[in-house]
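# Structural overview
So the chains spell out like this:
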Amino acid sequence: MQVPAQFEYEVAGSVDEAIGLLKRYGPESRLLAGGHSLIPMMKLRLAFPEVLIDIHELDGDLRYVREEDGALRVGALARHRDLLESPVVQERYTLLADAEKFIADPLVRNMGTVGGSFAHADPSEDLPAAFIALGSEVLARGPRGERTIAVEDLAVGPFETALEPDEILIEARVPSAPQGSSYFKVERRAGDYASAALGVALWMSGDEIEEARIGMCSVGSTTLRARGAEEVLEGQRPDGELYRRAAERAAEECDPPDDARGTPEYKRDLVRVLLVRALEQAVDRGAP
Amino acid sequence: MRIQVNVNGESREAEVEPRLLLVHFIRDTLGLTGTHWGCDTSNCGACTVHLDGEPVKSCTVLAVRANGHDVTTIEGISSGADLSLLQQGFSKEHGLQCGFCTPGMIMTATALLKSTPRPSEDEIREAISGNLCRCTGYQYIIRSIEWAARQGAPTQVEVMP
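No experiment lies behind these values; they were computed from the predicted model shown. (Residues numbered from 1 in each chain as written. Chains lettered and ligands numbered in written order. Predicted model: local features only at pLDDT ≥ 70, side-chain atom pairs only at ≥ 80, totals over all residues.)

### A few points about the sheet that holds strand 12 (residues 194-205) of chain A
Residue and element names in this part refer to chain A.
- The sheet built from four strands is open, its strands ordered 11-12-13-14 with antiparallel pairing. Unpaired on one side and paired on the other, strand 11 (180-187) and strand 14 (224-225) mark the two borders of the sheet.
- The strands touched by helix 6 (residues 94-102) within the sheet are strand 11 and strand 12, with strand 11 carrying the most contacts at an inclination of about 15 degrees.
- This element, helix 9 (residues 126-133), spans strand 11, strand 12, strand 13 (208-217) and strand 14 of the sheet and lies at about 165 degrees to strand 13. (Pairing = 2+ DSSP bridges. Helix = DSSP H or I, 4+ residues; strand = E, 2+ residues; numbered from the N terminus. Contact = placed C-beta atoms within 7 Å. Axes fitted to C-alpha atoms, helices over the stretch in contact; angles between N-to-C directions.)

Encoded structure:
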C-alpha cells in the first residue's frame, strides 16, 4: 500500500490566506491543488512536504478560462478538462486543446489543474510547452505583491521553478490569439508522458510568418522554447523547405535525456518530424 | 482531523489522518468495499468514485479533500436488487469477466451518460480511457454502455428548434 508520509494539513479560504500560510510554514510547505502529480510523488517518497495547504476552496477565484480584450486568461485552478472543453480555446488557441487530448485521461483531467502543471515543473509536462508556444506569461502573487514571469523562464530545472516559496500562481495569460497553432506528441502508451512533444503558434502578416513560437517538452531538463527555430521561420513565407530547416534547428536546440522513453537520437528525430507536421497543420489552420 | 463527508446521500463523520487516501476511507473506514483499490498510481481507474458528481480516481485524492463534499460510490447508484441501467447493461452484454474493473467502469460510464446520453463509440472509448480492463478487450464493455444508452435515451433524435 502506497501512502504519503505524515504531513500537516491546512485549507486556505482565500488567496491571501494561502500566501499567509506559505509564509508561516516556509519552504517545506506545498500548495495542494488537484494533487494528481504531487500525491503520487508523495506516495513514492519523491516529495515529502511537511505541510500541505489545500487550495481547492479557491475555485471561485481561480477557476476560469476567458478571453478579455483579445487576451486569453486561464485561472490557476482551471482543470485540464475546462481547457479541453472551452469553445474559445478550441477555436482560437487550438494547440491547447490538441495538447489536452494527450494529457493523462478524462478522470485525471477532472482533477489536475493548469496551475499545478506549471508549478510542478516536470520537464515532460505538456501544458507549459503549449503555453510557451503561445507566448504566454504567468501571474504570481506573494507577500511582496504580484509579478509576471514568461512561461519559458518559470521552470529553472527539473521540478524546480522561479517561484518564491511564498508565492502562488494566479493565472496564465496569452496576449493574443495566433492565426494558426498545432501541438504534436509521440507517447509510448495512451495518456503517458511524451517521448517528445512540441507546439507551434504562428502570427501571420499577409502571407509571411511575422512571429513564430515553439515550445517543446520531454527533450531537456525543463520545457524549452526553440528560439533558433523561431528565427528561421520569422519573416519568411511558409514552405516545406523552410519547415525542414526550422526542424533541423529545433533538433539542435534540444538536449533530450536518455531514458525509458527513448534515446536522445530518437527523440531528436521525433522533434525533426513533429515540427514539420505541426508547422504544416498550423499553417493550414491559419489559412484564410 | 475530523471530517464529514456526504457518502451516497448519507452524512458520515470520522477522525482521520490527513494522509489517508479517499479510497481507504471509503473501503476501510466506511466498509464500502465495492470501490476497488487497484494500481495505487492513478492509472487503472478501479477506484473511481464521483466527487461532487465528477468521476475521479480516489487513490489520488486525500480523504480530507472530501470534507464537506459529496461522494458517490458504486453502492450509491442503485438500491438492493434494483440495478441501474448500466449495471443491467453490463449483465446483459457480458461487460465483465473477473469484475475487478467493473465498479470503476460503471462509475465512469454513469457520469458519461449523464452528460452525453447517446454517446458515439468514440466518445465511449475516450470516456473509459482512464479505466483499465484486462479481461474483456473492452468491446463488451462498450456494448454494455451502448445498451444502457439505448434504454435510457429517447428513441428519436431531438432537433433543436
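This is not the end of the story, as more comes after the structure.
### Here we look at the nonpolar core
- One finds A:L198, A:V200, A:M216, A:A250, A:V271 and A:L275 to be the most contacted residues of the largest nonpolar core, which totals 138 residues.
- Among all residues touching A:V200, those that are not within four sequence positions of it are A:A133, A:S181, A:S182, A:A212, A:I214, A:L275, A:A278, A:L279 and A:A282. (Core = buried A, V, L, I, M, F, W, Y, C linked by C-beta atoms within 7 Å. Buried ≥ 20, exposed ≤ 12 C-beta atoms within 10 Å, placed from the backbone.)

### A closer look at the domain arrangement of chain A
All names here are of chain A.
- Looking at chain A, the domain boundaries give domain 1 (8-58), domain 2 (60-174) and domain 3 (180-286).
- Computed over C-alpha atoms, the centres of domain 2 and domain 3 are 20 Å apart.
- On the side of domain 3, 25 residues touch domain 2, which itself brings 25 residues to the contact.
- Looking at the side of domain 2 that touches domain 3, the elements that each hand over two or more residues are helix 6, helix 9 and strand 8 (155-157).
- With seven residues, helix 9 is the largest single contributor of residues to the side of domain 2 that touches domain 3.
- A class-by-class count of the residues in the side of domain 2 that touches domain 3 yields 16 nonpolar, four polar and five charged. (Domains from an automatic or database assignment. Nonpolar A, V, L, I, M, F, W, Y, C, P; charged D, E, K, R; others polar.)

### Topic: the sheet that holds strand 5 (residues 71-75) of chain A
Residues and elements named next belong to chain A.
- If you walk across this open sheet you meet the five strands as 4-5-10-6-7, and the pairing is antiparallel. Sheet topology places strand 4 (65-68) and strand 7 (145-150) at the edges, where each strand pairs with a single neighbour. Neighbour-to-neighbour, the strand axes of the sheet open up by a mean angle of 25 degrees, direction not taken into account.
- One ladder, built from four bridges, connects strand 5 with strand 10 (residues 168-174); its direction is antiparallel. The residue bridging R73 from the neighbouring strand is R173, located in strand 10.

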